Every structure is written in C-alpha cells, then in structure tokens.
Amino acid sequence: MTQTRTRPTLREPHPVRPWAVVAGALAAGVWLLSFGMFGATLSGYVAWTLVAGLFAWAAALALSRYGDRGVAAGVAAATGVAWTAAALSVVAEWIRRGAWPL
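The sections below set out a description of the structure shown in this document. The structure displayed is predicted, hence computed values, not measured ones.

Brief notes about the overall build of the chain
Counting its regular elements, the chain contains 3 helices and 0 strands. Sequence-ordered secondary structure for the chain, helices as α and strands as β, is α-α-α. Relative to the globule expectation of 13 Å for 102 residues, the C-alpha radius of gyration of the chain, 20 Å, shows a markedly less compact shape. Counting only C-alpha atoms and orienting by the principal axes, one finds that the chain spans roughly 80 × 25 × 20 Å. Counting all 102 residues of the chain, 24% fall into the buried class. Sequence separation of 24 or more characterises 62% of the internal contacts of the chain that already satisfy a separation of 6 or more. As displayed, the chain has an accessible area near 7600 Å², and 68% of this comes from carbon and sulfur atoms.

Take a look at the structure:
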C-alpha cells in the first residue's frame, strides 16, 4: 500500500484580517481629518495633514512591528489617501491661481 504524501500547510501566525484594516483606516481617517481641520488656509491644511500623517505613519510602523499588522495597513492606506488629497488640493489651487499657492 502506497502512502500519499501531503504537502505541509503553512499558516501565518498573525494573519491580517479585513476588519482590522477597516478599523485602522477609519481611525486614521478621523485622526487626519481632525488635524487637517485645524488649518484655516491651504498651507495650514497641508502642514497639519503632513504632521498628522507623520505621526500616523510612525504609529503604523510600530503597529506592524509590535501590534496588529491589519490595523497598520489601514493606517498606512489612510495616510496615503490623506497626503494625496493634500497634494491634489495644492495642484488644483496652483492651476486655478496660476501661481504656487504655498
């Protein structure tokens, strides 16, 4: 009788869960939006968004190393979206004015 060999199933010890990614994105979104609202002008909005994004990015690095990697992925994604929105706001104002807005 021949015994069939089965391949080992390798599982990650700490898998990324979708709900954790969503929770991280929502938390970072609230964080970045609340800091972005401190800026009364475009340059203030961009500055506050960059500072809040740097802190969120540092939290994502710490979470990816010591905490939940799904939450870290959500935080990093939300930070990227917020920085993109700030950059697009600068570009839109630059096009509207015809001069560098910051």
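Examining the pattern of salt bridges
Per the counting criterion, the structure on display carries 2 salt bridges. The shortest N-O distance in the salt bridge between Glu 93 and Arg 96 comes to 2.6 Å. Of this pair, Glu 93 and Arg 96 both sit in helix 3 (residues 69-97), 3 residues apart, which is roughly one turn of the helix. On the basis of relative accessibility, which here comes to 18%, the residue Glu 93 falls in the buried class. Arg 96 gets classed as exposed once you look at its relative accessible area, which sits at 61%.

Considering the side chain of Thr 49
If you trace the backbone, Thr 49 turns up in helix 2 (residues 42-66). Polar side-chain contacts of Thr 49 include one of 2.7 Å to the backbone oxygen of Tyr 45. With near-sequence residues (within four places) excluded, Thr 49 lies in contact with Leu 32, Gly 36, Ala 82, Trp 83 and Ala 86.

A few points about helix 1 (residues 18-36)
The terminal C-alpha atoms of helix 1 lie 26 Å apart, and with 19 residues this matches the ideal 27 Å at 1.5 Å per residue to within 8%. Every buried residue of helix 1 is listed here: Ala 20, Gly 24, Ala 28, Leu 32 and Gly 36. In a view along the axis of helix 1, the buried residues occupy a sector of 125 degrees, so they form one face of it. Along helix 1, the residues that are exposed and aim more than 90 degrees away from the buried face are Pro 18, Trp 19, Leu 26, Val 30 and Leu 33.

Comments concerning a nonpolar patch on the surface
On the surface, Val 91, Trp 94, Ile 95, Trp 100 and Leu 102 cluster together into a nonpolar patch covering about 550 Å² of accessible area. Turning to its location among the elements, Trp 94 is positioned in helix 3.

Focus: the nonpolar core
Counting residues in hydrophobic clusters, the biggest one holds 6 residues: Ala 28, Ala 56, Ala 60, Ala 72, Val 75 and Ala 78. Mapped by element, the contributors of at least two residues to this core are helix 2 and helix 3. By residue number, the principal contributor to this core is helix 3, which donates 3 residues.

The rules behind each value
Residues numbered from 1 in each chain as written. Predicted model: local features only at pLDDT ≥ 70, side-chain atom pairs only at ≥ 80, totals over all residues. Heavy atoms only, no water. Helix = DSSP H or I, 4+ residues; strand = E, 2+ residues; numbered from the N terminus. Rg over C-alpha atoms; globule rule 2.2 N^0.38 Å. Buried < 20%, exposed > 50% of the residue type's maximum accessible area, 1.4 Å probe, protein only. Contact = heavy atoms within 4.5 Å. Areas by Shrake-Rupley, 256 points an atom, 1.4 Å probe, with all protein chains shown as cover. Salt bridge = Lys/Arg side-chain N within 4 Å of Asp/Glu carboxyl O. Polar contact = N/O pair within 3.5 Å; in protein donor to acceptor, adjacent residues only side chain to side chain. Expected span 1.5 Å × (residues − 1). Arc of directions from axis to C-beta. Patch = residues over 30% accessible without salt bridge, like charges linked within 9 Å, V, L, I, M, F, W, Y side chains within 5 Å. Core = buried A, V, L, I, M, F, W, Y, C linked by side-chain atoms within 4.5 Å.

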